[in-house]
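If you want the building blocks of each chain, they are given just below.
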Amino acid sequence: VPKVEDVEVTKPVDQNKDQKSPMVVSVGTIEVNGSTQYEDINIMSKGSSSTTTAAAAPPLVPETSSENSQKDDYESFRDLRFSSVSMYDKPHFEEDIEIKVEDAQKHAAESFVSYKVITKTTRESFQQHEFHVRRRYQDFLWLSNVLLLQYPSHIIPPMPQKKVFNRYDPSFLRLRQLALNKFLKRIAEHPILSTSEHFFTFLSAKQVELTEQKKTTITKKFPNIQIPVKVTESPFKKTSEYLDQFSKTLNVLATHSSKLHKDQLEQAQIMKTISPSAALWANVEGDLEPILTKFGEITNTNTELLEHLVESKEEIFNESIKEYQLYISLVKNVLKHRDQMHITRDFYTETILSKQKDLEKLEASEPGKSIATFFGKSKEQVKEEKVAKLKQEISSLSTDGEVAADELVVANANIRSDVERWKINKENDCRVLISSVADAHIKYFEESAANWESLMTFIDNVDSF
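Residues numbered from 1 in each chain as written. Predicted model: local features only at pLDDT ≥ 70, side-chain atom pairs only at ≥ 80, totals over all residues. Heavy atoms only, no water.

## Concerning the pairing of strand 4 (residues 112–121)
Step number 1: Counting buried residues along strand 4, eight of its 10 residues qualify, which places the element largely inside the surrounding structure.
Step number 2: Pairing of strand 3 (residues 97–107) with strand 4, which is carried by nine bridges, proceeds in the antiparallel orientation. Opposite His107, over in strand 4, you have Phe112 as the bridge partner.
Step number 3: Pairing between strand 4 and strand 5 (residues 130–136): seven bridges, direction antiparallel. Following the sheet pairing, Thr119 is matched in strand 5 by Phe131. (Buried < 20%, exposed > 50% of the residue type's maximum accessible area, 1.4 Å probe, protein only. Helix = DSSP H or I, 4+ residues; strand = E, 2+ residues; numbered from the N terminus. Pairing = 2+ DSSP bridges.)

Put into structure tokens, the structure is as follows:
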């Protein structure tokens, strides 16, 4: 495996240059949330430039059997406590682009919903500083798909899942709008993904231009090559183990959160029956009518507060859990792609060694008879041709093996950098998440208690019976 300093990291090719070489080649199967989305796909862009991009990442830990190599790049995850570093002190990409998704509109004739995407930026690559476009869910999905293919060794932020039923429900559209907004913001914050020409097109192109761009994005399938070599000593083994444990934890948390959500909605429905009951009681208890009426009003107000709390928790807590469940699937897929690259590298290494042994054995052997000798060739000539053929095969395999090794080194660097970025974002998201849930409960209990206290004051001020 070549050293990190031997790998050249290049910038994206100028978009204005007319090159027709393949943009991305991705071999293997990519699964998102348990379902196959792509299989052996090569994405080509007609008339667009070829992009060769590698993330500038922290130094790699050499993949050797030394004690230090056993340390996982992600082993800090074994201590899940928050660090003392402020969320504002974390390293981040320069925030020179601001994106907002809003104004979900239903298009009844075409049976789809579009969202207004507002972009404000100071980047020189954009022809303007502000763009207003409308995009539908399929446009967001296209962006996610091409980024997954264009950057197979990077972690692409998850897209909200499709929904077949009640997809025009206002509460669902509100949650989807928030999720799409987060999807674009996470891409904008990424130092590599945010430079994609597809991201630029999505944010700035008119709908007709975007449609044409989507048409020129061609997918081509390749045969799925299965190499019978097992990956050993992966530097991301502990990362995979953490993801498995994190997934189980989130699944349990999602189950309990869903049950609590259902119970609180049922509680709100029961509370709604109290006010009518109090009104019926007031009809037969004339002296208590003011107090019972006020009691019913306060109950209605607190029921609305509870419903708002449940709605806020759905938006803040449950949706965040869903996003990170999708994130786990995406990170696992990136690691699977990396393992396939590792297998390819090892395949070339072992095949070259085998060929070299065959060459040494052939060179040390005495020329012997073969079918070719019956057609006028000498034994020495036949041997020389076999030696030349083996040397040519070794040379070709060595060239391909070097490319595979280089790609693996760059992929390791990209993954290491993205996993660390994901870790930092996850910790900060968790801080915000827990704080928001706490604030929502504090607000609910304070306002609810204030309402009950106002009822107590009202009762004290009512004339004695």
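Moving on from the coordinates now.
## Quick word on the nonpolar core
Step number 1: Core analysis: the biggest nonpolar cluster contains 35 residues, and Ile99, Val117, Phe140, Leu143, Leu184, Phe199 and Leu203 have the highest contact counts within it.
Step number 2: For this core, the secondary-structure elements that each account for two or more residues are strand 3, strand 4, strand 5, helix 1 (137–150), helix 2 (170–188) and helix 3 (197–204).
Step number 3: A per-element tally of this core places helix 1 first, with eight residues.
Step number 4: Formed by 19 residues, the second largest nonpolar core is a distinct cluster that contains Ile321, Ile328, Val419 and Val437. (Core = buried A, V, L, I, M, F, W, Y, C linked by side-chain atoms within 4.5 Å.)

## A closer look at the confidence of the model for the protein
Step number 1: For the protein, the mean per-residue pLDDT works out to 76, and 73% of the residues sit at or above 70.
Step number 2: Overall, residues 1–94 carries pLDDT values under 50, and its contacts beyond four positions in sequence, including any with other chains, amount to 191 contacts.
Step number 3: Low confidence marks residues 219–228, where pLDDT is under 50. Its contacts with residues over four positions away, or in another chain, come to 18 contacts. (pLDDT = per-residue confidence, 0-100. Contact = heavy atoms within 4.5 Å.)

## Describing the packing of aromatic side chains
Step number 1: For the structure shown, the criterion picks out 12 aromatic pairs.
Step number 2: Residues Phe126 and Phe131 carry aromatic rings whose centres are separated by 5.7 Å and whose planes lie at 50° to one another, so their mutual orientation is tilted. Each member of the pair, Phe126 together with Phe131, is buried.
Step number 3: Joined through ring pairs, the aromatic side chains of Tyr242, Phe246, Tyr324, Tyr327 and Trp422 make up one cluster.
Step number 4: A cation over an aromatic ring shows up here: Arg135 above the ring of Phe202, its NZ or CZ 5.5 Å from the ring centre. (Phe/Tyr/Trp six-rings, centres within 6.5 Å; stacked < 30°, edge-to-face > 60°. Lys NZ or Arg CZ within 6 Å of the ring centre and 35° of its normal.)

## Considerations on the packing of helix 6 (residues 274–284) against helix 7 (residues 289–364)
Step number 1: Axis separation between helix 6 and helix 7 bottoms out at 8 Å; the angle between their running directions is 175°. Between helix 6 and helix 7, the crossing angle belongs to the class labelled roughly antiparallel. Of the residues in helix 7, those in contact with Ile274, Ser275, Ala278, Trp281 and Ala282 of helix 6 are Glu289, Leu292, Phe295, Gly296, Thr299 and Asn300.
Step number 2: For the contact of helix 6 with helix 7, the residue count by class is six nonpolar, four polar and one charged. (Axes fitted to C-alpha atoms, helices over the stretch in contact; angles between N-to-C directions. Parallel < 35°, antiparallel > 145°, perpendicular 65-115°, else oblique. Nonpolar A, V, L, I, M, F, W, Y, C, P; charged D, E, K, R; others polar.)

## Some points on the packing of helix 1 against helix 2
Step number 1: Interaxial distance between helix 1 and helix 2 falls to 12 Å at its minimum, and their mutual angle equals 30°. Two packed elements cross with a definite hand, and for helix 1 against helix 2 that hand is left-handed. Residues Tyr137, Phe140, Leu143, Ser144 and Leu147 of helix 1 touch helix 2, and the partners they reach there are Arg176, Leu180, Phe183, Leu184 and Ile187.
Step number 2: Along the lines of polarity and charge, the residues of the contact of helix 1 with helix 2 split into eight nonpolar, one polar and one charged. (Left-handed = near helix turned anticlockwise from the far one by under 90°.)

## Quick notes on the sheet that holds strand 5
Step number 1: The strand order across the open sheet formed by three strands is 3-4-5, and the pairing between neighbours is antiparallel. On the outer flanks of this sheet lie strand 3 and strand 5, each paired with one strand and no other. Each neighbouring strand pair of the sheet contributes to a mean axis angle of 20°, computed without reference to strand direction.
Step number 2: Those strands touched by helix 1 are strand 3, strand 4 and strand 5, and its axis lies near 105° from that of strand 5.

## Let's talk about helix 2
Spacing of three or four residues puts side chains on the same side of an α-helix, whose turn is 3.6 residues.
Step number 1: For helix 2, which comprises 19 residues, the first-to-last C-alpha distance of 27 Å matches the rise-based estimate of 27 Å (1.5 Å per residue) to within 8%.
Step number 2: Among the residues of helix 2, those classed as buried are Phe172, Leu173, Leu175, Arg176, Gln177, Leu180, Asn181, Phe183, Leu184, Arg186, Ile187 and Ala188. (Expected span 1.5 Å × (residues − 1).)

## Some points on unusual backbone geometry
Step number 1: Phi at Asp103 is positive, roughly 55°, even though this residue is not glycine.
Step number 2: Here Asp103 lies in strand 3.

## Quick word on the pattern of salt bridges
Step number 1: If you walk through the whole model with that rule in mind, you get 18 salt bridges.
Step number 2: The salt bridge involving Asp263 is made with Lys259; its shortest N-O contact spans 3.2 Å. Of this pair, Asp263 and Lys259 both sit in helix 5 (residues 237–271), four residues apart, which is roughly one turn of the helix.
Step number 3: Note that Lys423 is salt-bridged to Glu420, the shortest N-O span being 3.9 Å. Here the residue Lys423 and the residue Glu420 both occupy positions in helix 8 (residues 379–461), the gap between them amounting to three residues, near one helical turn.
Step number 4: Taking relative accessible area as the criterion, Glu420 reaches 29% and is therefore assigned partly exposed.
Step number 5: Salt bridges here are not isolated pairs; linked through shared partners, they connect Lys182, Arg186, Glu323 and Asp429. (Salt bridge = Lys/Arg side-chain N within 4 Å of Asp/Glu carboxyl O.)

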